Amino acid sequence: QVQLVESGGGLVQTGDSLRLSCATSGIIFSGYGMGWFRQAPGKEREFVASITRDGGSTSYSDSVKGRFTISRDNAKKTVYLQMSSLKPEDTAVYYCAARVGLGGYRYWGQGTQVTVSS
């Protein structure tokens, strides 16, 4: 059974930092590219960041570039999202997802809430 479990969300203030984690099981983690997405209330889910299987390449949305960093630990089968200089507009449910190659994301976590107060 494939499981992606996010953790690390919470309530923080503007300018604070948070690190999200996504622990996986049931997949050969090193064979999957990983991504982080978010969905704010009343909005569509949007891409935040992605990382290749070996961690050699990353990609970010313009809204988080320079503030967020995605990383992975293949030995721990975990992907991380380090978020800094948080803004109220970063408030959302954050999801991690896994994909093979450059195809669509096949597996999704249940999400973790991040709330940034002004």
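The structure we're discussing is the one just above.
Asks: So what's going on with the overall build of the protein? Residues and values would help.
Replies: Of regular secondary structure, the protein possesses zero helices and 11 strands. The order of helices and strands in the protein, counted from the N terminus, is β-β-β-β-β-β-β-β-β-β-β. Principal axes of the C-alpha set define a box for the protein whose edges measure 40 × 25 × 25 Å. Burial status across the protein gives 42% buried among its 118 residues. In the protein, which carries 13 positive and 9 negative side-chain charges, the distance between the mean positions of the two groups comes to 6 Å.

Asks: Tell me about the side chain of threonine 24, residues and numbers included.
Replies: As for its placement among the helices and strands, threonine 24 is situated in strand S3 (residues 18–25). Within polar-contact distance, the side chain of threonine 24 engages the backbone oxygen of lysine 77 at 2.9 Å.

Asks: I'd like a rundown of the side chain of serine 21, residues and numbers included.
Replies: For serine 21, the position within the fold is in strand S3. For serine 21, a relative accessible area of 16% corresponds to the buried category. Ignoring anything within four residues of it in the chain, the contact list for serine 21 reads Val5, Glu6, Ser7, Trp36, Thr78, Val79 and Tyr80.

Asks: For the state of the cysteines, give the residues involved together with the corresponding values.
Replies: Per the counting criterion, the structure on display carries one disulfide. In this model, cysteine 22 is linked to cysteine 96 through a disulfide, with the two sulfur atoms separated by 1.9 Å. Disulfide cysteine 22 to cysteine 96: torsion about the S-S bond roughly 45 degrees, handedness right-handed. Of this pair, cysteine 22 sits in strand S3 while cysteine 96 sits in strand S9 (residues 92–99); the two residues are 74 residues apart in sequence, bridging distant segments of the chain. Taking the relative accessible area as the measure of exposure, cysteine 96 reaches 0% and is therefore buried.

Asks: Now, about the sheet that holds strand S8 (residues 78–83): what can you tell me, with residues and values included?
Replies: Spatial strand order, S1-S3-S8-S7: four strands in an open sheet with antiparallel pairing. What marks the edges here is a single partner per strand, and that holds for strand S1 (3–7) and strand S7 (68–73). Neighbour to neighbour, the strand axes of the sheet diverge by 15 degrees on average, direction disregarded. Strand direction decides the pairing type here: S3 and S8, joined by six bridges, are antiparallel. Note that in S8 the partner of leucine 18 across the bridge is methionine 83.

Asks: I'd love a proper account of the nonpolar core, names of residues and values included.
Replies: Residues Met34, Trp36, Val79, Leu81, Met83 and Tyr94 are the most contacted members of the largest nonpolar core, which totals 28 residues. Secondary structure elements with two or more residues in this core: S3, strand S4 (33–39), strand S5 (46–51), S7, S8, S9 and strand S11 (112–117).

Cut-offs used in this document
- Residues numbered from 1 in each chain as written.
- Predicted model: local features only at pLDDT ≥ 70, side-chain atom pairs only at ≥ 80, totals over all residues.
- Heavy atoms only, no water.
- Helix = DSSP H or I, 4+ residues; strand = E, 2+ residues; numbered from the N terminus.
- Buried < 20%, exposed > 50% of the residue type's maximum accessible area, 1.4 Å probe, protein only.
- Lys, Arg positive; Asp, Glu negative; His and termini not counted.
- Charge placed at Lys NZ, Arg CZ, Asp CG, Glu CD.
- Polar contact = N/O pair within 3.5 Å; in protein donor to acceptor, adjacent residues only side chain to side chain.
- Contact = heavy atoms within 4.5 Å.
- Disulfide = S-S within 2.5 Å.
- Pairing = 2+ DSSP bridges.
- Axes fitted to C-alpha atoms, helices over the stretch in contact; angles between N-to-C directions.
- Core = buried A, V, L, I, M, F, W, Y, C linked by side-chain atoms within 4.5 Å.

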